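Structural overview for review
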Amino acid sequence: MTNKQDLTDKVVLITGASRGIGYATALEAARRGAHVIAVARTVGGLEDLDDAIQAMGGATTLVPLDLTDYDAIDRLGAAIFERWGRLDGLIGNAGMLGVLMPVAHIAPKEFEKTLAVNVTANYRLLRSMDALLRQSAAGKAVFVSSGAAKSAKPFWGLYAASKAALDAMIKSYSGEMANTSVQTNLFNPGPVRTAMRAKAMPGEDPDTLPAPAEIAPFLVDMISPEHNANGQMFNMADKSLTAI
Ligand code: NDP
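Residues numbered from 1 in each chain as written. Predicted model: local features only at pLDDT ≥ 70, side-chain atom pairs only at ≥ 80, totals over all residues. Heavy atoms only, no water.

Here we look at the packing of helix α4 (residues 108-135) against helix α6 (residues 157-176)
So the rule is basically this: Under this scheme, a helix contributes an axis fitted over its contacting stretch, all axes are lines through C-alpha atoms, and angles between N-to-C directions fall in the 0 to 180 degree range. Comment: elements are numbered from the N terminus, with helices defined as DSSP H or I runs of at least four residues and strands as E runs of at least two. The cut-offs work like this: below 35 degrees is roughly parallel, past 145 is roughly antiparallel, 65 to 115 is roughly perpendicular, and the gaps in between are oblique. It is the rotation of the near helix from the far one that decides the hand of a crossing: anticlockwise by less than a right angle makes it left-handed, clockwise makes it right-handed. Contacts: residue pairs with any heavy atoms within 4.5 Å of one another.
At a minimum axis distance of 9 Å, the contact between α4 and α6 shows a crossing angle of 20°. Regarding the angle of α4 to α6, the classification is roughly parallel. In this structure, α4 crosses over α6, and the sense of that crossing is right-handed. Contacts between α4 and α6 involve Glu 110, Phe 111, Thr 114, Leu 115, Asn 118, Val 119, Asn 122, Tyr 123, Leu 126, Asp 130 and Leu 133 from the former and Leu 158, Tyr 159, Ser 162, Lys 163, Ala 165, Leu 166, Met 169, Ile 170 and Tyr 173 from the latter.

As structure tokens, this is what we get:
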């Protein structure tokens, strides 16, 4: 298990916080004392999160937005600067599966939307939050990848390409940050019992998979001040930390 590192007074931004891994991660970060800035499109999911965090005495800022609204990401950066002047943790978790089909059959709109959410939005987050992470005493960013980035099985080309692009971008960015106080890593959760997994593997018994709450503590550990790593990938399957 994790050491449950304390996040009291830390300002943490989590994308995809309306359900699944992001929701559980936001709850866990709040449980450790962080102020959670929760981003997703579904207001109901964000409000449920807010209720759950308030019930345990925590605090959130809800940010209902579509991450392909890049100007909104810029505005969010400006708002965080105004209110806190820094960002201690960024968890880029939001993602979409897109479609599982032969590469040549993928509709252009589907391809572009999946790349927009899984890659471009994370680039825009880094572009908007970089200066804020540098203002933290120990700024940490972690992005949620997938084993698909390397396995790239038939019919998984769209999702795999998006996660491979994310991995490459984070490898470069973490290298660029090597001489700063900002550390950036990747997290591979393995199969988790969420809506996305059910869409990808409809025949699978979800009860055979870990729940998001079992994964979340390990993801939250990666933004704790004690987590001293940069340019690494944490693999949930064997709890290993390896160079990207
Ligand atoms: P879910 O589909 O359950 O949750 C996805 C989250 O991303 C939701 O909160 C959703 O919020 C948000 N999101 C999607 N598109 C947008 C958008 N355009 N703007 C803002 N938010 C958006 O998926 P998981 O929890 O399973 O996935 C979380 C991450 O883990 C993803 O990056 C996924 O690729 C990765 N992953 C998951 C695995 C699994 O087995 N579950 C395995 C490996 C990796 P909303 O719809 O409200 O906007």
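Having seen it, we continue.
Considerations on the sheet that holds strand β7 (residues 232-235)
Quick note on the threshold: For two strands to pair, DSSP has to find at least two bridges joining them.
Ordered in space as β3-β2-β1-β4-β5-β6-β7-β8, the eight strands form an open sheet in which the pairing is mixed. At either end of the open sheet lies a strand with only one pairing partner, and these are β3 (59-64) and β8 (240-243). Sheet twist, expressed as the mean angle between neighbouring strand axes with direction ignored, is 20°. With three bridges connecting them, strand β6 (residues 183-188) and β7 associate as parallel partners. Each residue of the ladder has a partner; that of Phe 187, found in β7, is Phe 234.

A look at the site of the ligand
This is how the line gets drawn: One heavy atom suffices: a residue is near a molecule or strand as soon as one of its heavy atoms comes within 4 Å of it. Polar contact is the term for a pair of N or O atoms within 3.5 Å; when the atoms are in protein, one must be able to donate a hydrogen and the other to accept it, and sequence-neighboring residues count only if both atoms are side-chain atoms. Working definition of accessibility: Shrake-Rupley area with a 1.4 Å probe, residue cover restricted to the visible protein chains.
What surrounds the ligand is a group of 29 residues, the closest being Arg 41, Thr 42, Asn 93, Tyr 159 and Thr 194. In the environment of the ligand, a nitrogen atom lies 2.9 Å from a nitrogen or oxygen atom belonging to the backbone of Leu 67. Contact between the ligand and Val 192: an oxygen atom at 2.8 Å from a main-chain N or O atom of the residue. Isolated, the ligand exposes 880 Å² of accessible area, and the fraction of that covered by the protein chains is 96%.

Considerations on α6
As a reminder, the rule being used: Each helix should span, by expectation, one fewer than its residue count multiplied by 1.5 Å. Only protein chains enter the accessibility calculation, which uses a 1.4 Å probe. A residue is then buried if its area is under 20% of the maximum for its type, exposed if over 50%, and partly exposed in between.
The end-to-end C-alpha separation of α6 is 28 Å, in line with the 28 Å expected for 20 residues at 1.5 Å each. Taken together, the buried positions of α6 are occupied by Leu 158, Tyr 159, Ala 160, Ser 162, Lys 163, Leu 166, Asp 167, Ile 170, Tyr 173 and Ser 174. Looking at the buried side of α6, the elements it contacts are α4, β5 (140-144), α5 (148-151), β6, α7 (195-200) and β7.

Points about the pairing of β6
With six of its six residues buried, β6 lies for the most part within the structure. As judged from the five bridges shared by β5 and β6, these two strands associate in the parallel manner. Each bridged residue has a counterpart across the sheet, and for Lys 140 the counterpart in β6 is Gln 183.

What about unusual backbone geometry?
Phi is positive for Asp 9, close to 70°, though the residue is something other than glycine. Mapped onto the elements, Asp 9 comes out in the segment before β1 (11-15).

As for the environment of His 35
Tracing the backbone shows His 35 in strand β2 (residues 35-40). His 35 sits in the buried class, given a relative accessible area of 13%. Each C-alpha atom of the pair His 35 and Leu 132 lies 15 Å from the other, and the pair is 97 residues apart in sequence. A polar contact of 2.7 Å, which involves the side chain of His 35, links it to the side chain of Thr 61.

Observations concerning the pattern of salt bridges
Let me state the cut-off plainly: By definition here, a salt bridge exists when the distance from a side-chain nitrogen of Lys or Arg to a carboxyl oxygen of Asp or Glu is within 4 Å.
For the structure shown, the criterion picks out nine salt bridges. Here Glu 28 ties to Arg 31 by a salt bridge, and the two come within 2.8 Å at their closest N and O atoms. Pair noted here: Glu 28 and Arg 31 are both in helix α1 (residues 20-31), with a separation of three residues, about one helical turn. Relative accessible area serves as the criterion here: at 4%, Glu 28 is assigned to the buried category. One salt bridge connects Arg 134 with Asp 130, and the closest N-O pair in it is separated by 2.9 Å. Placement of both Arg 134 and Asp 130 in helix α4 is noted, with a separation of four residues, approximately one turn of the helix. Several salt bridges share partner residues, and in doing so they unite Glu 28, Arg 31, Arg 32 and Asp 221 into one network.

Quick word on the pairing of β5
So the rule is basically this: Note on handedness: a clockwise path from strand one over the helix to strand two, with the strands aimed away from the viewer, defines a right-handed crossover.
The element β5 is extensively covered by neighbouring structure, given that five of its five residues are classed as buried. In β5, alternate side chains face the same way, and those of Lys 140, Val 142 and Val 144 on one face and Ala 141 and Phe 143 on the other are all buried. Across four bridges, the pairing between strand β4 (residues 89-92) and β5 is parallel. Following the sheet pairing, Leu 90 is matched in β5 by Ala 141. The handedness of the β4 to β5 crossover, carried by α4, is right-handed.

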